[in-house]
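Per-entry structural report
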Amino acid sequence: MSYVAPSKDMLFAIEHLANIEQVAQLPGFEDAGLETAQAVLEECAKFCEGVVAPLNVAGDTQPSSWKDGVVTTTPGFKDAFKQYAEGGWQGLQHPVDFGGQGLPKTIGAACIEMLNSANLSFALCPLLTDGAIEALLTAGSDELKATYLEKLVTGEWTGTMNLTEPQAGSDLALVRTKAEPQPDGTYKVFGTKIFITYGEHDMVDNIVHLVLARVAGAPEGVKGISLFVVPKLLVNKDGSLGERNDVQCVSIEHKMGIKASPTAVLQFGDHGGAVGYLVGEENRGLEYMFIMMNAARYAVGVQGIAVADRAYQKAVAYAKERVQSRPVDGSVKGSATIIHHPDVRRMLMTMRAYVEGCRAMALTGAAAYDAAHTHPDAQVRADNATFYEFLVPLIKGFSTEMSLEVTSLGVQVHGGMGFIEETGAAQYYRDAKILTIYEGTTAIQANDLVGRKTTRDGGASAKAVAAQIEKTEAELNANGSADAKAVAARLAAARKAFLDVVDFMAGAAKSSPNDVYAGSVPYLMLAGNLVAGWQMARALLAAQALAAKGEDKAFMEAKVTTARFYADHILVKTSALRDSIVDGGASVMALPQEAF
């Protein structure tokens, strides 16, 4: 089946949950209201459905290849990326001053989801470029901005993140790549970086590598890491491309999924040293790289939503076509399509509810990001920044773990045919697995949620979110419908479970750190489930109000039903998670190491 962008559902969330008309009142976004959002999403849907999605299977069966340091991408990728750049999609939410369109993240996030649904491997190249742009906008010198930003924003060049080394994965204190200062103010960079997404490819003329390295004499650990721009091709003073820099792709990885995306091993400095340019100040590289990583973590969460939606669409199409067995209620006398069967319907509803809940959470987070960066009131900016930062590990961690469950259900709906590669269901499952690993594993997101976002302020940020949820519960109860009251009860129970965990985390983080961090991933799953469920509750309220006005009744009723399903079948998991976190920490570490 071909991909169909869920523009209608996205616009519903953008209008009624992310409140795009409020975003359009922010300075610089005055022309970015609902009408603009609709026009942009329609064009993005055409491009993703017509140009990018048809390359998805080819990317899996004809992945990128490496020979003598040269990487050749899947046939069709180079032309598709040219169209992507010419359409202005890379610069959609980047500054007009550097060739972008300056649209809010609230609109950009929906477009990112479409692109990733269409082709996850293809979309990884723009994702990493976005991160490089964010880092240079924040910490780059005027000279670096003038040299690189417009080329990156317009998609003429692409960017990478170079963190990982053979001995340094998530623990960046172990980074050994070194940078030696030169008399002309540049640096010579030496070292090996692995797992570099689109570290080498043939879709553009130049690749701008952002590289973590240590300057001689720097402090030990993460405090001694600096960030450098190391371009594949050096750039002359007039902006033209010069000679090849001393950076080579020595191989690409053979992977379980996202096969069309070349994951490179890059070698810097084998022939005298790669020329690098310091970003910001020495020894502040990790701080700058976190700007890239935060942007990437949000985007990876959106990738989870995207691949889950693609798996859902495929499963629905198959369930409507596959004839197997008589329905248990006797509604069809002979064998019927499997969508008649209650368990298949349960799987499809689970997939649908997860996708809609996480999409709503991500778009609501995008609106908070926009307000955090552009609202004229400093306190409003600060409040939205705190809310957005709290959401990032949920959007990344919960949405990607969700994508594994949803893509697995997609295979299950297909039955034995799902295990056969030709049906395509397995590709989504394989592609989804990396999402819980790169840009910080689920455990790293959970540690961030516990340490930086919950215990550091004694649970104040978490409780502020809970207070907002409690207001929605009051609105649901005031609504009075059976569905609204049922969802209110489930939401209240989940919120109370969440608050119990927050109090446990804040109270025991110093005295019993192992018990607290043993429950870190369950806490992330509880919090993500709660926030996504909260957005589904808000969607129910909006849908019921619109249905009462006679607006698109079938769509609105489906919204209400999906929200009710989420509350009854997904939100109810929070109480069990609460018990395992608060009461189960000791048993995690109880078995002695030698017993394993």
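Residues numbered from 1 in each chain as written. Predicted model: local features only at pLDDT ≥ 70, side-chain atom pairs only at ≥ 80, totals over all residues. Heavy atoms only, no water.

**Topic: the side chain of Asp431**
- Within the fold, Asp431 resides in helix 12 (residues 425-433).
- Buried and unpaired, Asp431 has no salt bridge, with Arg430 as the nearest side chain of opposite charge at 4.8 Å.
- There is a polar contact of 2.6 Å between the side chain of Asp431 and the backbone nitrogen of Ile258.
- Setting aside chain neighbours within four positions, we find Asp431 in contact with Leu120, Gly257 and Ile258. (Helix = DSSP H or I, 4+ residues; strand = E, 2+ residues; numbered from the N terminus. Buried < 20%, exposed > 50% of the residue type's maximum accessible area, 1.4 Å probe, protein only. Lys, Arg positive; Asp, Glu negative; His and termini not counted. Salt bridge = Lys/Arg side-chain N within 4 Å of Asp/Glu carboxyl O. Polar contact = N/O pair within 3.5 Å; in protein donor to acceptor, adjacent residues only side chain to side chain. Contact = heavy atoms within 4.5 Å.)

**Remarks on the pattern of salt bridges**
- Under the counting rule described, the total for this entry stands at 30 salt bridges.
- Between Arg564 and Asp568 there is a salt bridge, and its shortest N-O distance comes to 2.9 Å. One end of the pair is Arg564 and the other is Asp568, both in helix 18 (residues 553-570) and four residues apart, which spans about a single turn.
- Take Asp568: its relative accessible area is 25%, and that puts it in the partly exposed class.
- One continuous salt-bridge network, built from bridges that share partners, spans Asp9, Glu113, Asp309, Arg352, Glu356, Arg359 and Lys559.

**Remarks on the nonpolar core**
- The biggest cluster of nonpolar side chains holds 180 residues, and the ones touching the most others in it are Phe498 and Tyr523.
- The leading source of residues in this core is helix 9 (residues 285-321), at 19 residues.
- Ignoring sequence-local partners within four residues, the contact set of Phe498 consists of Phe390, Ala462, Ala466, Tyr523, Leu526, Ala527 and Leu530. (Core = buried A, V, L, I, M, F, W, Y, C linked by side-chain atoms within 4.5 Å.)

**Topic: the pairing of strand 5 (residues 187-197)**
- Here strand 4 (residues 178-181) pairs with strand 5 via four bridges, running antiparallel. Looking at the pairing, Glu180 lines up with Lys188 of strand 5.
- Hairpin connection of strand 4 to strand 5: five residues between the antiparallel strands, including Gly185 at a positive phi of 95 degrees.
- Pairing geometry for strand 5 and strand 12 (residues 274-278), over three bridges, is antiparallel. (Pairing = 2+ DSSP bridges.)

**Regarding the side chain of Lys145**
- Relative to the elements of secondary structure, Lys145 occurs in helix 8 (residues 142-153).
- One buried charge, Lys145, has no salt-bridge partner; the nearest side chain with opposite charge is Asp142, at 4.8 Å.
- A polar side-chain atom of Lys145 sits 3.4 Å from the main-chain carbonyl oxygen of Leu137.
- Apart from residues no more than four positions distant in its own chain, Lys145 is found in contact with Phe98, Leu136, Leu137, Gly140 and Glu150.

**Points about a nonpolar patch on the surface**
- A cluster of nonpolar side chains, namely Met417, Phe419 and Ile420, defines an oily patch on the protein surface of about 330 Å² accessible area.
- Within the secondary structure, Ile420 is located in the loop between helix 11 (378-414) and helix 12. (Patch = residues over 30% accessible without salt bridge, like charges linked within 9 Å, V, L, I, M, F, W, Y side chains within 5 Å. Areas by Shrake-Rupley, 256 points an atom, 1.4 Å probe, with all protein chains shown as cover.)

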